[in-house]
Amino acid sequence: MLQPTADLPAFRALADHYAQAKEWRMRDLFARDPRRFDTFSIEAAGLLLDYSKNRIDGTTMGLLAQLLREAGVEQRRDAMFAGERINNTEQRAVLHTALRAPRGGGPVVDGQDVGAEVHAVLERVCDFAARVRSGNWVGRTGMPVTDVVNIGIGGSDLGPEMVCKALRTHAAPHLNMHFVANVDGHDLDAALTRLDPDRTLFVIASKTFTTRETMMNAQSARAWFLRHGTEADLPRHFVAVSTNADAVRAFGIDLQNMFPFWDWVGGRYSVWSAIGLPVALAVGPEGFRDFLAGAHAMDTHFRTAPLERNMPAILAALGIWYRNFFGCASVSIAPYHQDLGQFAAYLQQLEMESNGKRVRADGSPVGIATCPVVWGDVGTNGQHAYFQLLHQGTDMVPVDFIAALRPLHDLPGHHEALLANCFAQAEAFMLGKDAGEVREEMRAQMLPEDRIDALLPHRTFPGNRPSNMILMNVLGPSSLGALIALYEHKVFVQGVVWGINSFDQWGVELGKVLAKTLEAELTGTPSPEAHDASTNALIARAKAALKR
Ligand code: F6P
């Protein structure tokens, strides 16, 4: 049995250290040390992480690095890169890093030359993307593709969708990308009403090719297409990305138009595989390769840098500090970049599906808190919505700010305003505004003293609220690749410290099974004895409404 995290010497030392650290004010830490930014910032793979606005000192970071070491982060990291079966409940290796390694860089696992297979599929993906983009690949009437519809859900949707949106300014203007995930027919319907079947290419993306939502959407898209074309035309309009060749063939897709990947690629880590086909279609083969290269640069840093100077390890360690010692139940992601509008949703799956677990890899209880709730939206929009809570609410919510120093537009003044807001929010969270400062300010405004007393608690900011700042030069394929890889490795490190298997997702199964039964009852005969009174009443309501 693994040693419980809470029993590790560094964890105990951190608990003692926390008793003092919780009293520190970041204002004072900055006042005492003008070099704090230099000490607590790091650059890697084109990203800068400024973590100086955290409730830490050198001892904190030293103890956290010791915790990571005692938990075996370095050994697990090496085991992952080497292709060991670290996903123990599914008996699988975890090799998304091999998907972005340069030729010759992948491991050999069970006699399988992973790198060679990866590059063979990458060539096919890039070749296909180039043909579609150039108009060389035509539909049944000889017209080039204008619209691509990716049908997939979870990791087979969130990654490609987030990346295509983030890289929209780098994308081919003549290809419109659509993403349909939800089994709710409104999703597919909204996409289809705008499409010309003769110019549309469907990418059916599903690792298992059994996911109910994706299969239902794929069948409906197929039926829609067949109202215009014939079965013989399907290969020109439907391609698949999957590990399940039999199911792809059974669906009617030509295996020549299937782009495979492997069971050692987890769904939420699959955007680097053929699941990234929409990305290659949008930004082109070169852009897709740059995206992979950016992630590889972060992999190299993660693999080689000592834990004390390792960006993903630092980000992970800070998260553990706030989750396990300060008791922070959520973290907020604030990308100050409109094109990263889907980034928080992407991270929700990456972090919460990976580490939202309460038992360790050996089945024993974790015994301490694991993954916090991850949420967020783009700045500056969030400032005018939920930032009130972040500044003055009862909970401390650590924030990750993400920004690009240069914009991808030429509208004057906007980017300065954007960055000013981003930096100002981080400063405000750290500094706060104490009662003395607020009183002075109101006196300068000539407010009467009784009014000042009444307003004082409302206008005071506790401050001392932590944040990270992640900066890149410009948002592009390479910097985005590095950013995603940074968070992947952060999640990995946290999973190792908590002792959990970050690569399975048994928690999604129960709902899927129950939905299957309920769907049969909604379309057929209900079995009231199988359910509770609430569920029976809901079924009755739905059946009555659907009959009308
Ligand atoms: O239900 C969760 C999940 O299995 C995710 O882990 C995965 O990304 C998603 O469903 C989609 O799975 P698939 O690619 O097999 O359709």
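Draft legend 1. Molecular detail of the overall build of the chain. Counting its secondary structure elements, the chain contains 21 helices and 13 strands. The principal-axis extents of the C-alpha atoms in the chain amount to approximately 80 × 60 × 60 Å. Counting only residues that meet the buried cut, the chain has 52% of its 548 residues in that class. Taking contacts inside the chain between residues at least 6 apart in sequence as the whole, the part at least 24 apart equals 75%. Summing over all exposed atoms, the chain offers an accessible surface of approximately 23,500 Å²; the carbon and sulfur share of this is 54%. In the chain, the 52 positive side-chain charges and the 61 negative ones have mean positions that sit 2 Å from each other.

Draft legend 2. Up close: the pattern of salt bridges. In this structure the tally under the stated criterion is 31 salt bridges. In this structure, R77 engages D78 in a salt bridge whose closest nitrogen and oxygen atoms are separated by 3.4 Å. Residue classification places R77 among the buried positions, given a relative accessible area of 8%. D78 sits in the partly exposed class, given a relative accessible area of 40%. Residues E351 and K490 are paired through a salt bridge, measuring 3.0 Å at the closest nitrogen-oxygen approach. Of this pair, E351 sits in helix α14 (residues 343-355) while K490 sits in helix α19 (residues 477-498), and the two are 139 residues apart along the sequence. We note that E351, like K490, is buried. Each of R439, E440, R443, E449 and D453 takes part in a single network of salt bridges with overlapping partners.

Draft legend 3. Up close: the sheet that holds strand β5 (residues 147-151). In spatial order, the strands read β6-β5-β7-β8-β9; together these 5 strands make up an open sheet with parallel pairing. Each edge of the open sheet carries a strand with a single partner, namely β6 (176-180) and β9 (258-260). Strand-to-strand, the axes of this sheet are offset by a mean angle of 20 degrees, without reference to chain direction. In this structure, strand β8 (residues 238-242) lies alongside β9, joined through 3 bridges in parallel fashion.

Draft legend 4. Broad picture of the environment of V121. Here V121 is to be found in helix α6 (residues 114-134). On the accessibility criterion, V121 (10% relative accessible area) is buried. When the C-alpha atoms of V121 and I539 are compared, they prove to be 46 Å apart, with 418 residues separating the residues in sequence.

Reading guide: rules and limits
- Residues numbered from 1 in each chain as written.
- Predicted model: local features only at pLDDT ≥ 70, side-chain atom pairs only at ≥ 80, totals over all residues.
- Heavy atoms only, no water.
- Helix = DSSP H or I, 4+ residues; strand = E, 2+ residues; numbered from the N terminus.
- Buried < 20%, exposed > 50% of the residue type's maximum accessible area, 1.4 Å probe, protein only.
- Contact = heavy atoms within 4.5 Å.
- Areas by Shrake-Rupley, 256 points an atom, 1.4 Å probe, with all protein chains shown as cover.
- Lys, Arg positive; Asp, Glu negative; His and termini not counted.
- Charge placed at Lys NZ, Arg CZ, Asp CG, Glu CD.
- Salt bridge = Lys/Arg side-chain N within 4 Å of Asp/Glu carboxyl O.
- Pairing = 2+ DSSP bridges.
- Axes fitted to C-alpha atoms, helices over the stretch in contact; angles between N-to-C directions.

None of the figures reported here should be taken as evidence of function without further support.
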